[in-house]
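# Observations on chain architecture
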Amino acid sequence: MTELLIETPVREPQRIRGLEMPWNRVMGSTEAPARAARALGPWHPQEFMAECVETIPEAGGMMTLVFRRCDGAPLAFRAGQYVNIAFPVNGEEHEPVDRSYSLSSSPTEPWTFSVTVKRDPGGLVSPWVHDNVRPGTVLDMLGPVGAFHLPDADRRARYLFLAAGAGITPIMSMLRTIHSLPGTANVVVLYHGAEAGGFAFHRELAYIASVDPRVKVFYALGDRGRPEEWEGFSGRLSSAMIEEVAPDANGRQVYACGPEGYLNTATELLKKVGVDDTSIYMEFFSGDRKTLLEYQAEIALASDIAEEIAEEIADSAEDYYESQPSAFGLYEPGYDAEGTLKASGLPLEIVEPEAPSSEAGKGTSEADSAAPSPDASSFDTVGTGSLTLSFMRTGINVRIDPEEHILGAAQRAGVRIGANCKEGMCGSCKVVKLSGEVEMNHQGGIRKREIDAGKFLPCCSTAQTDLVIDA
């Protein structure tokens, strides 16, 4: 027994390259398994009832509520998304009050899910939630909703998570998801709180950081006084603080969540340290009228979609199970002449831990930023059409007609763009347009601020001019 407690050098685990959500491969697979997965697709907002099964007090005046759907189905969502919940604050005989809360659990454990609510003493809903929601409480919900989430697949999963106060909630979902999955990733969390004892999830954060070498967690106490024993940062978010925790911030995807003032400051500071707008994703826990209207529109759209597809989902699931061999009645993989049907996704690449990744580290980031842009005129050109799509990372030009959707033409030419719903709902195919004009007819899979930053969904877009695309 004593020998087990003696610290000995342990080799780093071997991992596949990149990060990939577990549903990504089956969604790209052939019809039989994909149909089953689509019935639970994380891009489908649904209206459902859920029962609280556990409440967990958290530091900082927060409480985690664990739910399970009353229909027994899992809740499929993407890490970072939220649900809209109807609370009977004024009694069952009155109209409920709707509030949106980020999911704090990981979608890799979909049979139960959790939201974490911070008590606002002056608020209408959060005190009621803390005092009244208990195991057995059943609530009406709509979700998942939101374009603030991790990608379905990322070859170069390097993230900087910035959170302030209750903004840690969706970040916690992302962190739990990454920790639960294999794959190379590099995650830095910088978490601002008001007081030393007020950091929610601090025990779990410490545990993850201690056992997962891919994750580093830093704390900051804002501009208030700090106790003598405090070992974290002090002061509001600053560019010096960002550069100290993530000197390669300009090579990372940045996800930030918190109050409006914090996020506005973060936006300016990230620009100072060289992070491009297209690499910044933000979720506002408070905001101006424009921001609030944007969220209201998002929920209204999700409600419309949930209503439209409810019957379709039911029919799809029924058809699928009816098509199964009656002797089994269960999912089974399909086969073709070469064996088990292959699903699309990131290629399997084993990364030796001793060999430093060619994509990791500040040096690579600086090298990337200093590398000259490739000349699209030297790319091979495929396809026919009156317009040209130049895919700068893939190094290929694709000819296309103005009425043709960009995603299909790109994928036929071998450009790897992850895409699930292909209807402008899920946002999984989001890419950056470097130049040119598109016409996009999406269904909520992208936000206005992302469009303003140059992003678009090729699955529901057509080219209006020649385009240069970062893919």
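What comes next is a walk through the structure.

### Comments concerning the sheet that holds strand β4 (residues 62-69)
Taken together, 6 strands build an open sheet; the order of strands is β6-β5-β8-β3-β4-β7 and the sheet is antiparallel. Of all the strands in the sheet, the pair left with one neighbour each is β6 (97-102) and β7 (113-118). Between one strand and the next, the sheet's axes are offset by a mean angle of 40°, whatever the strand orientation.

### Considering the pattern of salt bridges
Under the defined criterion, the tally for this structure stands at 12 salt bridges. Linking Arg15 and Asp212 is a salt bridge whose minimum nitrogen-to-oxygen distance equals 3.9 Å. One end of the pair, Arg15, is in strand β1 (residues 15-16); the other, Asp212, is in the loop between α6 (202-211) and β12 (215-220), with 197 residues separating them in the sequence. On the basis of relative accessibility, which here comes to 19%, the residue Arg15 falls in the buried class. Linking Arg68 and Glu51 is a salt bridge whose minimum nitrogen-to-oxygen distance equals 3.1 Å. With Arg68 in strand β4 and Glu51 in strand β3 (residues 46-58), this residue pair connects regions lying 17 residues apart in the sequence. Residue class for Arg68 comes out partly exposed when judged on its relative accessible area of 42%. By relative accessible area, Glu51 is classed as partly exposed at 24%. Each of Arg15, Asp212 and Arg214 takes part in a single network of salt bridges with overlapping partners.

### Details of the packing of aromatic side chains
One pass over the full model with this rule turns up 15 aromatic pairs. A centroid spacing of 5.8 Å and a plane angle of 10° characterise the contact between Phe199 and Trp230, whose relative ring orientation is stacked. Of this pair, Phe199 sits in the loop between β11 (186-192) and α6 while Trp230 sits in the loop between β12 and α7 (239-245), placing them 31 residues apart in sequence. Among the residues examined, Phe199 registers a relative accessible area of 2% and is labelled buried. Relative accessible area serves as the criterion here: at 15%, Trp230 is assigned to the buried category. An angle of 55° between the planes, with centres 6.2 Å apart, marks the rings of Phe218 and Phe233 as tilted.

### Re the nonpolar core
Of all hydrophobic cores here, the largest spans 36 residues; its most connected members are Leu150, Tyr159, Phe161, Tyr191 and Tyr255. Listed by contribution, the elements that provide at least two residues to this core are β10 (158-164), α5 (168-180), β11, α6, β12 and β13 (253-258). Per-element accounting of this core gives the leading share, 6 residues, to α5. Excluding residues within four positions of it along the chain, Leu150 makes contact with Met21, Arg78, Ala79, Tyr159, Phe161, Met174, Thr177, Ile178 and Tyr255.

### Section: a negative patch on the surface
Together, Glu47, Asp140, Asp304, Glu307 and Glu308 line one region of the surface with negative charge. No other element matches the 3 residues that helix α9 (residues 289-322) contributes to the negative patch. With respect to the secondary-structure elements, Asp140 resides in strand β8 (residues 138-145).

### A word on the sheet that holds strand β23 (residues 455-456)
Strands sit in the order β18-β20-β19-β25-β21-β23 across an open sheet of 6 strands; the sheet is mixed. Each edge of the sheet is formed by a strand with only one pairing partner; in this case those strands are β18 (380-382) and β23. Bridge analysis of strand β21 (residues 431-435) against strand β25 (residues 467-470) gives 3 bridges, and the strand direction is antiparallel. Along β25, the bridge assignment pairs Lys433 with Ile469.

### Some thoughts on the pairing of strand β19 (residues 387-391)
Here β19 lies mainly inside the structure; 5 of its 5 residues are buried. Across the two faces of β19 the burial is the same, with Leu387, Leu389 and Phe391 and Thr388 and Ser390 all buried. In the sheet, β19 pairs with strand β20 (residues 396-400) via 5 bridges, with the strands oriented antiparallel. Bridge pairing in β20 links Ser390 to Asn397. Between β19 and β20, which pair antiparallel in sequence order, lie 4 residues; one of them, Gly395, sits at a positive phi of approximately 80°. Here β19 runs beside β25; their pairing, made up of 3 bridges, is parallel. Paired with Ser390 across the two strands is Val468, which belongs to β25.

### Examining α5
Along an α-helix, residues three or four positions apart point the same way, because every turn accommodates 3.6 residues. Between the first and last C-alpha of α5 there are 18 Å, a value that for 13 residues agrees with the 18 Å anticipated at 1.5 Å per step. Burial runs high along α5: 11 of the 13 residues are buried. When α5 is considered as a whole, its buried residues turn out to be Ile168, Thr169, Pro170, Ile171, Met172, Ser173, Met174, Leu175, Arg176, Thr177 and Ile178.

Each value, and the rule that gives it
Residues numbered from 1 in each chain as written. Predicted model: local features only at pLDDT ≥ 70, side-chain atom pairs only at ≥ 80, totals over all residues. Heavy atoms only, no water. Pairing = 2+ DSSP bridges. Helix = DSSP H or I, 4+ residues; strand = E, 2+ residues; numbered from the N terminus. Axes fitted to C-alpha atoms, helices over the stretch in contact; angles between N-to-C directions. Salt bridge = Lys/Arg side-chain N within 4 Å of Asp/Glu carboxyl O. Buried < 20%, exposed > 50% of the residue type's maximum accessible area, 1.4 Å probe, protein only. Phe/Tyr/Trp six-rings, centres within 6.5 Å; stacked < 30°, edge-to-face > 60°. Core = buried A, V, L, I, M, F, W, Y, C linked by side-chain atoms within 4.5 Å. Contact = heavy atoms within 4.5 Å. Patch = residues over 30% accessible without salt bridge, like charges linked within 9 Å, V, L, I, M, F, W, Y side chains within 5 Å. Areas by Shrake-Rupley, 256 points an atom, 1.4 Å probe, with all protein chains shown as cover. Lys, Arg positive; Asp, Glu negative; His and termini not counted. Charge placed at Lys NZ, Arg CZ, Asp CG, Glu CD. Expected span 1.5 Å × (residues − 1).

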